[in-house]
Amino acid sequence: MARPRKPLLSRDLIVETACALVDAEGLAALSTRRLAAELGVSGPSLYNHFRTKDEILEAVADSVSAQVDLSMFDDVRDWRTALRDWAVSYRRALSAHPHMVPLLARGPGRRPAALRVADAAFGAMVDAGWTPAQATSIGALIRYFVMGAALGSFAGGFVDDESAYDPAEYPRLGQAHLLAERQQVIDERAFETGLSALLDGLAVQFAASASRGA
């Protein structure tokens with residue numbers, strides 16, 4: 001009986017494997033030697049597809065950006081609804097790959113999917129009536145907010161140990177040990193609260209700009 005053949009090495013397979021490795025162990029775990037071992041190939045064979053480890057990381061980062069839904073910018077949703085839906089999708093993509101956030105935070109560079117995200121958001125805001133300068137600021141604002149939310153958990157930063165919060169030292173943190181077990185609910189609520197406040201503020205600015213232009 002013939003042995004099953006190994007899947008052919010390809011850019012997509014390299015990116016997928018590198019992404020899984022970073023997700024599991026962090027950016028520091030990725031090296032061409034380790035990646036080659038995970039793929040069951042020799043190190044030099046990777047260079048038929050990528051010249052350097054940095055190129056692999058750039059491709060992995062772009063694969064995360066490609067997971068962000070942009071359909072809200074192509075239909076009839078108003079700018080506020082589109083921004084909300086984009087922020088939710090953006091955070092979902094980044095939260096699935098938190099170890100990649102520091103690399104993504106450097107900006108899109110030359111990455112095609114990341115540039116498509118920036119182009120779609122900027123274009124939709126300009127089309128909605130924001131000035132190019134305002135649209136640029138809005139894109140940056142959403143990016144800062146989402147990346148901060150995806151980078152770590154507020155609730156997860158507290159330990160499940162009541163003794164860690166001595167009331168003599170921390171009189172307001174008597175229930176802090178309960179936060180960790182409700183991490184997802186608390187973090188989701190915090191994200192929604194912040195996003196609503198951000199969009200409310202933008203709506204005020206938009207209305208003020210419209211009245212000045214009238």
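Residues numbered from 1 in each chain as written. Predicted model: local features only at pLDDT ≥ 70, side-chain atom pairs only at ≥ 80, totals over all residues. Heavy atoms only, no water.

Caption draft 1: Highlighting the pattern of salt bridges. Overall, the coordinates contain nine salt bridges when judged by the stated rule. A salt bridge links Arg77 to Asp75, with the nearest nitrogen and oxygen atoms 2.6 Å apart. Since its relative accessible area comes to 30%, Arg77 is described here as partly exposed. Note that Arg91 is salt-bridged to Glu188, the shortest N-O span being 3.1 Å. In this pair, Arg91 is assigned in helix α5 (residues 79–95) and Glu188 in helix α9 (residues 183–213), connecting sequence segments 97 residues apart. Residue classification places Arg91 among the buried positions, given a relative accessible area of 11%. (Salt bridge = Lys/Arg side-chain N within 4 Å of Asp/Glu carboxyl O. Buried < 20%, exposed > 50% of the residue type's maximum accessible area, 1.4 Å probe, protein only. Helix = DSSP H or I, 4+ residues; strand = E, 2+ residues; numbered from the N terminus.)

Caption draft 2: Molecular detail of a negative patch on the surface. Together, Asp160, Asp161, Glu162 and Glu181 make up a negatively charged patch on the protein surface. Structurally, the position occupied by Glu181 is in the loop between α8 (132–151) and α9. Judged by relative accessible area, Glu181 falls into the exposed class, the value being 60%. (Patch = residues over 30% accessible without salt bridge, like charges linked within 9 Å, V, L, I, M, F, W, Y side chains within 5 Å. Areas by Shrake-Rupley, 256 points an atom, 1.4 Å probe, with all protein chains shown as cover. Lys, Arg positive; Asp, Glu negative; His and termini not counted. Charge placed at Lys NZ, Arg CZ, Asp CG, Glu CD.)

Caption draft 3: View of α5. The terminal C-alpha atoms of α5, which comprises 17 residues, lie 24 Å apart, in line with the 24 Å expected from a rise of 1.5 Å per residue. Buried within α5 are the following residues: Trp79, Ala82, Leu83, Trp86, Ala87, Ser89, Tyr90, Arg91, Ala93 and Leu94. Structurally, the start of α5 carries an N-cap: the backbone nitrogen of Arg80 is 3.1 Å from a side-chain oxygen of Asp78. (Expected span 1.5 Å × (residues − 1). Polar contact = N/O pair within 3.5 Å; in protein donor to acceptor, adjacent residues only side chain to side chain.)

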